[in-house]
Amino acid sequence: MSDKSTALTKGLRVFKALRGHTLNGISNQELCRAAGLSAPAVTRIMAALIDEGLAERRPDGRFALSVGALQIAQAHALEVQKAQGRINELNHRIATGLQ
């Protein structure tokens, strides 16, 4: 594994550790435990995620996914919903014999 993929893997572990903490946030120490990384590593990764608009540091010092990250998730959910609507329409047309 190259250094870049190792750094990316660590970053993704921290990003995934933010899941489920959008409302109350998560501390640096909790992120360290969840991702299995040192405090300096988590601090660097969180700085990069914040710079990229994917995370935020709250006034109380806790971290959470940013609105930008949530917008990505929402866009995916809407795309899946739209696809499901098209599938449902096709199934209905097939079941009813419509062209």
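Described in the following lines is the structure provided in the data block. Per chain, residues are indexed from 1 in the order of the written sequence. Note on the predicted model: pLDDT of at least 70 is required for a residue's local features to be given, and 80 or more for side-chain atom pairs to be given and counted; whole-chain, interface and lining totals, by contrast, use all residues. Computation of side-chain values covers all heavy atoms of the structure but excludes hydrogens and water.

**Remarks on helix α3 (residues 39-51)**
- Strands here mean DSSP runs of E at least two residues long; helices mean DSSP runs of H or I at least four residues long; both are numbered from the N terminus. In this analysis, the expected span of each helix is defined as 1.5 Å times one less than the number of residues it contains. An ideal rise of 1.5 Å per residue puts 18 Å on 13 residues; α3 measures up with 18 Å between its terminal C-alpha atoms.
- Within the span of α3, buried status applies to A41, V42, I45, M46 and L49. Viewed along the axis of α3, the buried residues span an arc of 125 degrees, placing them on a single side of the element. Among the exposed residues of α3, those oriented more than 90 degrees off its buried face are R44 and D51.
- G53, located one to two residues past α3, shows a positive phi value of around 75 degrees. Buried, partly exposed and exposed residues are distinguished by accessible area as a fraction of the type maximum, computed with a 1.4 Å probe on protein chains only: under 20%, between the cut-offs, and over 50%, respectively. Picture the helix axis, draw a direction to every C-beta atom, and the arc is the one those directions span.

**A look at the packing of helix α2 (residues 28-35) against α3**
- To get an axis, a line is fitted to the C-alpha atoms, and for a helix only the part in contact is used. The angle between two axes follows their N-to-C directions and goes from 0 to 180 degrees. Taken N-terminus to C-terminus, the directions of α2 and α3 make an angle of 105 degrees; their axes are 9 Å apart at the nearest point. When the interaxial angle is binned, α2 and α3 end up roughly perpendicular. Note on element contacts: α3 touches α2 through A39, V42, T43 and M46, opposite N28, L31 and C32.
- Looking at the contact of α2 with α3 residue by residue, the class counts come to 5 nonpolar, 2 polar and no charged. Roughly parallel means an angle under 35 degrees; roughly antiparallel, over 145; roughly perpendicular, 65 to 115; everything else is oblique. In this description, contact between two residues means that some pair of their heavy atoms is separated by no more than 4.5 Å. Here the term charged refers only to Asp, Glu, Lys and Arg, the term nonpolar to Ala, Val, Leu, Ile, Met, Phe, Trp, Tyr, Cys and Pro, and the term polar to all other amino acids, Gly among them.

**Focus on the side chain of R58**
- With respect to the helices and strands, R58 occurs in the loop between β1 (55-57) and β2 (63-65).
- A polar contact of 2.9 Å, which involves the side chain of R58, links it to the side chain of E56. We define a polar contact as two N or O atoms separated by no more than 3.5 Å, with the added condition that, inside protein, one atom must be a possible hydrogen donor and the other a possible acceptor, whereas residues neighbouring each other in sequence contribute only through side-chain atom pairs.

**A word on the nonpolar core**
- What we call a nonpolar core is a set of buried Ala, Val, Leu, Ile, Met, Phe, Trp, Tyr and Cys residues that are connected through their side-chain atoms within 4.5 Å. Counting residues in each nonpolar core, the largest one holds 17 residues, and the members touching the most others are V14, L18, L31, L37, V42, M46 and L49.
- For this core, the secondary-structure elements that each account for two or more residues are α1 (3-17), α2, α3 and β2.
- The greatest single-element share of this core, amounting to 5 residues, is contributed by α3.
- Not counting the four nearest positions on each side in its chain, M46 is found in contact with V14, L18, L31, A55 and F63.

**Quick word on the pattern of salt bridges**
- What makes a salt bridge here is a side-chain nitrogen of Lys or Arg within 4 Å of a carboxyl oxygen of Asp or Glu, nothing more. Scanning the model with the defined rule gives 2 salt bridges in all.
- Across the salt bridge formed by E56 and R58, the nearest N and O atoms sit 2.9 Å from each other.
- Taking the relative accessible area as the measure of exposure, E56 reaches 29% and is therefore partly exposed.

**So, α2**
- All buried positions along α2 are accounted for by L31, C32 and A35. Axial view of α2: buried residues confined to an arc of 105 degrees, hence all on one face. Seen from the buried face of α2, the exposed residues on the opposite side, beyond 90 degrees, are Q29, R33 and A34.
- At the C-terminal side of α2, G36 shows a positive phi close to 70 degrees.

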